[in-house]
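# Structural features, examined
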Amino acid sequence: MPFGFYEPENRPKERFPNPMNQFFSDWNLLLKPRVSSLVLATAVPGLYLGSQTSPPGMLLFATLFGTFLMSSASFIFNQVIEKDKDAKMKRTANRPIPAGRISSPKALAVGFILMILSFAILYYFANLLAALCAFSALVAYVFLYTILLKPRTHQNIVIGGVAGCVGPLIGYAAASNSLPLPSWILFLMIFLWTPAHFWALAIFLKEDYSDANFPMLPVVKGVKETGRSILFYTVLYVCSVLYFYWAEPSMGTLYLISAILLSAAILYLSFKLFLNPEPKFARGFFFFSILHLFLVNILILVDHAIA
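Quantities reported herein were computed from a predicted structural model and do not represent experimental measurements.

Per the domain assignment, the segments making up the chain are domain 1 (35–166) and domain 2 (180–306). Relative to domain 2, the C-alpha centre of domain 1 lies at a distance of 21 Å. The interface is formed by 30 residues belonging to domain 1 together with 33 residues belonging to domain 2. Here domain 1 packs against domain 2, burying approximately 2,800 Å² in sum over the two surfaces, 74% of which is carbon and sulfur. Scanning the region where domain 1 abuts domain 2 turns up zero salt bridges. Top contributing element to the side of domain 1 that touches domain 2 by residue count: helix H2 (residues 33–51), with eight residues. Looking at the side of domain 1 that touches domain 2 residue by residue, the class counts come to 14 nonpolar, nine polar and seven charged.

Right, let's get into the UniProt feature "transmembrane region" (unreviewed entry) in the chain. Mapped onto the present numbering, the UniProt feature "transmembrane region" (unreviewed entry) falls on residues 58–81, 102–123, 129–149, 156–175, 181–205, 226–246, 252–269 and 281–302. Across residues 129–149, the secondary structure splits into 100% helix and 0% strand, with the terminal C-alpha atoms separated by 26 Å. Summarising residues 252–269: 94% helix, 0% strand, and an end-to-end C-alpha distance of 26 Å.

A separate point is unusual backbone geometry. One non-glycine residue, Lys-32, adopts positive backbone phi at about 50 degrees. The buried category is assigned to Lys-32, whose relative accessible area is 10%. Here Asn-177, not a glycine, exhibits a phi torsion of approximately 55 degrees, which is positive. Tracing the chain through its elements places Asn-177 in the loop between helix H8 (167–176) and helix H9 (181–204).

This next bit is on helix H13 (residues 253–275). In an α-helix, one turn spans 3.6 residues; hence positions three or four apart end up facing the same way. The first and last C-alpha atoms of H13 sit 33 Å apart over 23 residues, in line with the 33 Å expected at 1.5 Å per residue. Regarding H13, the residues found buried are Tyr-255, Leu-256, Ser-258, Ala-259, Leu-262, Ser-263, Ile-266, Ser-270, Leu-273 and Phe-274. Tucked inside the fold, the buried residues of H13 contact H9, helix H12 (223–247) and helix H14 (279–306).

The next subject is the packing of aromatic side chains. For the structure shown, the criterion picks out 15 aromatic pairs. Ring geometry for Tyr-124 and Phe-125: centres 4.9 Å apart, planes at 85 degrees, overall edge-to-face. Tyr-124 sits in the exposed class, given a relative accessible area of 65%. Plain terms: the ring middles of Trp-184 and Phe-187 are 5.4 Å apart, the flat faces sit at 65 degrees to each other, and that makes the pair edge-to-face. One end of the pair, Trp-184, and the other, Phe-187, are both in helix H9, three residues apart, so they sit about a helical turn from each other. Given a relative accessible area of 16%, Phe-187 falls into the buried group. Taken together, the aromatic side chains of Phe-75, Tyr-141 and Tyr-145 make up a single cluster linked through ring pairs.

Right, let's talk about a nonpolar patch on the surface for a bit. Together, Met-58, Phe-61, Phe-65, Tyr-124 and Phe-125 make up an exposed nonpolar region whose accessible area comes to about 580 Å². Only helix H3 (57–81) and helix H5 (104–125) provide two or more residues apiece to the nonpolar patch. Considering each element in turn, the nonpolar patch owes the most residues, three residues, to H3. Relative to the assigned elements, Phe-61 resides in helix H3.

Procedures and definitions
- Residues numbered from 1 in each chain as written.
- Predicted model: local features only at pLDDT ≥ 70, side-chain atom pairs only at ≥ 80, totals over all residues.
- Heavy atoms only, no water.
- Domains from an automatic or database assignment.
- Contact = heavy atoms within 4.5 Å.
- Buried area = accessible area lost by both parts, 1.4 Å probe.
- Salt bridge = Lys/Arg side-chain N within 4 Å of Asp/Glu carboxyl O.
- Helix = DSSP H or I, 4+ residues; strand = E, 2+ residues; numbered from the N terminus.
- Nonpolar A, V, L, I, M, F, W, Y, C, P; charged D, E, K, R; others polar.
- UniProt positions renumbered as here; feature names shortened; annotations may be inferred.
- Buried < 20%, exposed > 50% of the residue type's maximum accessible area, 1.4 Å probe, protein only.
- Expected span 1.5 Å × (residues − 1).
- Phe/Tyr/Trp six-rings, centres within 6.5 Å; stacked < 30°, edge-to-face > 60°.
- Patch = residues over 30% accessible without salt bridge, like charges linked within 9 Å, V, L, I, M, F, W, Y side chains within 5 Å.
- Areas by Shrake-Rupley, 256 points an atom, 1.4 Å probe, with all protein chains shown as cover.

Take a look at the structure:
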């Protein structure tokens, strides 16, 4: 689920690391709970909108926990596959697998356990459709993005980004056992958000991606073209955010006004980055894009509750 949530993984090594601290640090790097939090944030609106009221507590917990486990499994598989390239990048060289602190077979075993457990939880406490949505995200991330597209094309995140868009589908499916139009608009919203968000990350990590021979857009086409593409996808993303007001009947004036203001802010930052495609502006856009998506999902929940 390739949200480009930036984590400074090249932390300074402790001279005499505490074994327990090292254990938790290593598994934190493998499971990436901070990245999964964004996936969970996009699943919650689907749960509430799909159920029309407040979903049962057990369904809410099971859906989010199952989604978290599937997301974590996909990150583990990704790091096993990319261990050699990770070893060439300053940001990822100290990850537990390329650094040799956790073996690939051990990581794979944990990944498969999490994947199976996730599917079982979602199937038992929600339904088969929710479990299949989560599993399809893992398949898309591991096979479509990591194996097929990422090493071969600078458009990898555009197509492979579908893996990070299934949060709303999982939420809707768990609550209603269906995937109505609003769930697909939320899916489209994240699909259009992902390239701009991730390419901003790729600008200020350009050298790392170049060292590992990943054909990311800034490496292949340069930062100027990347800035232009970020602006293009931001405009499309903003259109989807505003269109959701008409797609979901429970959205009211609060959502519409707030969405307009937030959209104006991210459009301004994307245009600023287009004019000056420098790492400092890319970093600012990157972090604001995370906040933007969080706030949009919170607005959906608040406006739905008011309605």
